Amino acid sequence: MANIIKLFLIISASFWLAYCNNSEGFVVYCPCMGRFGNQADHFLGALAFSKGINRTLVLPPWVEYRYGEVKSIQVPFDVYFNVEYLRQYHDVITMETFMNDIAQSIWPPEKRISFCYTQRIGEIKESCNAKSGNPFGPFWDTFNIDFVKSEFYGPLNYDAQNKNMMESWKKKYSKDWPVLAFTGAPASFPVQVENVHLQKYLIWSDDILKKSRSFIKKHMSGAGFLGIHLRNGQDWVKACQHVKDSPKLFSAPQCVGYKNEKGKLTSSICLPPKNDIIKQIKRVLKKHKDIKYIFVASDSNHMKEELQNALQYSDVLIVKLESNNPHLDLAILGQANYFIGNCVSSFTAFAKRERDAKGLPSEFWSFPDRKKNRHEEL
């Protein structure tokens with residue numbers, strides 16, 4: 001029986017290796033920084049990096065933190081996104097398939113080595129300590145992965161646009177290293193400007209698309225709508241206090257530029273006052289007469305009553321999801337006739353990249369600075 005199982009594993013691994021016949025191995029990583037928006041930025045970089053070193057990218061589950069849960073939850077990649085579209089760009093395979101069908105043959109437990117730039121603080125000296133803390137430990141435990149030792153890859157980096165760097169990776173880690181398992185994502189945050197276009201390969205799963213279209217049809221009659229993202233929770237209020245010292249805070253480069261060449265980051269861009277939000281919405285509605293609804297996505301205050309009161313003399317209605325579902329929020333925002341988002345937020349950045357890929361119009365709160373015109377009618 002043991003021999004039959006071993007033969008099955010060999011055949012299964014051979015099948016997948018043949019499928020990825022141009023690959024020089026696999027890239028595995030833990031998306032262990034931040035929530036979905038940050039993980040999505042990192043994913044695009046990891047996708048570019050995997051292609052740069054010609055290795056199949058193992059699609060990690062999305063790490064989520066749910067109320068009442070002590071440890072992170074790992075949600076399979078394909079719950080939210082269609083894997084087949086990614087294969088138009090590069091070879092990919094889900095973590096579940098990789099661990100079930102391939103890992104035992106080419107990456108047995110005694111050969112599992114964690115990769116990190118330099119040693120990471122933890123229980124073991126001179127180690128990546130790949131499983132120290134949450135979500136690191138729960139992520140690898142989901143797949144019963146332990147590491148026997150660590151590999152420090154510094155001074156190499158992840159810049160997929162640097163061909164010499166990619167060749168250095170391939171030279172140092174040849175096929176003798178079938179799997180490169182990174183403690184964190186092999187990518188930078190925010191996403192490098194050269195990798196932003198990869199968003200076009202990240203398409204929502206059929207289930208998410210069906211739910212988003214159903215919501216639009218049911219609650220907005222399939223009519224034109226403005227999508228807005230309001231980032232205003234207490235954690236965000238505190239984060240925006242650091243704007244003066246962080247001119248490229250979080251995802252701010254998406255509007256102010258990666259070298260602040262497009263403008264200066266201000267407190268009102270990070271946390272726009274309610275009056276400014278209402279004024280900006282009115283300006284958009286004045287230009288887009290076909291908009292009959294405003295869909296609001298928010299981590300805290302949706303401002304539904306304030307917006308409805310401010311627009312009481314118009315025929316525009318305010319709608320939101322009944323329960324928290326950030327991925328459905330994003331899928332709906334991606335289909336809006338027009339979108340206003342938060343320049344500093346990686347959540348907004350995801351929606352903006354998707355809309356750019358579709359050629360749909362967007363703008364940011366309080367950016368660029370608008371000169372006051374006392375005669376302007378709002």
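In the block above lies the structure referred to throughout.
Residues numbered from 1 in each chain as written. Predicted model: local features only at pLDDT ≥ 70, side-chain atom pairs only at ≥ 80, totals over all residues. Heavy atoms only, no water.

## Section: the packing of helix α8 (residues 206-220) against helix α14 (residues 326-333)
And then number 1: Between α8 and α14, whose axes approach to 9 Å, the crossing angle comes to 70 degrees. Accordingly, the angle class assigned to the pair α8 and α14 is roughly perpendicular. In this structure, α8 meets α14 at a crossing whose hand is right-handed. For the pair α8 and α14, contact is made by Ile208, Lys211, Ser212, Phe215, Ile216 and Met220 and by His327, Leu328, Ala331 and Ile332, respectively.
And then number 2: Of the residues that constitute the contact of α8 with α14, the class distribution is seven nonpolar, two polar and one charged. (Axes fitted to C-alpha atoms, helices over the stretch in contact; angles between N-to-C directions. Helix = DSSP H or I, 4+ residues; strand = E, 2+ residues; numbered from the N terminus. Parallel < 35°, antiparallel > 145°, perpendicular 65-115°, else oblique. Left-handed = near helix turned anticlockwise from the far one by under 90°. Contact = heavy atoms within 4.5 Å. Nonpolar A, V, L, I, M, F, W, Y, C, P; charged D, E, K, R; others polar.)

## Digging into the layout of surface pockets
It is the rolling of a water-molecule-sized probe over the atoms that shows where space remains empty.
And then number 1: Counted as a void, the largest pocket has a volume near 1000 Å³.
And then number 2: Lining the largest pocket are 31 residues, and of these Arg35, Phe36, Asp299, Pro326 and Phe347 sit closest to its centre.
And then number 3: Residue assignment for the lining of the largest pocket shows that the elements contributing at least two residues are α2 (36-52), β3 (62-64), α9 (234-239), β10 (291-298), α14 and α15 (346-358).
And then number 4: Residue classes in the lining of the largest pocket are distributed as 13 nonpolar, eleven polar and seven charged. (1 Å grid on protein atoms, 1.4 Å probe; cavity = no way out; pocket = protein on both sides within 12 Å on 5 of 7 lines; lining within 4 Å. Points joined across faces, edges and corners; volume = space filled by probe spheres on them.)

## Examining the pattern of salt bridges
And then number 1: Here the structure, examined in full by the defined rule, presents 13 salt bridges.
And then number 2: A salt bridge links Lys211 to Asp207, with the nearest nitrogen and oxygen atoms 3.3 Å apart. Separated by four residues within a single helix, Lys211 and Asp207 lie in helix α8, roughly one turn from each other.
And then number 3: For Lys358, the salt bridge is made with Glu354, and the minimal N-O distance between the two is 3.0 Å. Within this pair, Lys358 and its partner Glu354 are both found in helix α15, separated by four residues, close to a single helical turn. (Salt bridge = Lys/Arg side-chain N within 4 Å of Asp/Glu carboxyl O.)

## What to know about α14
And then number 1: Most of α14 is tucked away: seven of the eight residues are buried.
And then number 2: Among all positions in α14, only His327, Leu328, Asp329, Leu330, Ala331, Ile332 and Leu333 are buried. (Buried < 20%, exposed > 50% of the residue type's maximum accessible area, 1.4 Å probe, protein only.)

## Description of the pairing of strand β7 (residues 149-152)
And then number 1: Inspection of the sheet shows strand β6 (residues 113-116) paired to β7 by four bridges, in the parallel sense. Following the sheet pairing, Ser114 is matched in β7 by Ser150. (Pairing = 2+ DSSP bridges.)

## What to know about the packing of aromatic side chains
And then number 1: Under the definition given, this model contains 34 aromatic pairs.
And then number 2: Summarising the aromatic geometry, the rings of Phe49 and Tyr158 are spaced 5.8 Å apart at their centres and angled 80 degrees between planes, so their arrangement reads as edge-to-face. A residue pair is termed long-range when its members are at least 10 positions apart, and Phe49 in helix α2 and Tyr158 in the loop between β7 and α7 (163-172) qualify at 109 residues.
And then number 3: Using a relative accessible area of 22% as the deciding quantity, one classes Tyr158 as partly exposed.
And then number 4: One aromatic cluster is present, formed by Phe49, Phe115, Tyr117, Tyr153, Tyr158, Trp169, Tyr173, Trp177 and Phe182 through successive ring pairs.
And then number 5: One residue, Lys51, lies across the ring of Tyr89, its end atom 4.9 Å from the ring centre.
And then number 6: In this arrangement the basic side chain of Arg120 is found over the ring face of Phe136, its NZ or CZ atom lying 3.8 Å from the centre. (Phe/Tyr/Trp six-rings, centres within 6.5 Å; stacked < 30°, edge-to-face > 60°. Lys NZ or Arg CZ within 6 Å of the ring centre and 35° of its normal.)

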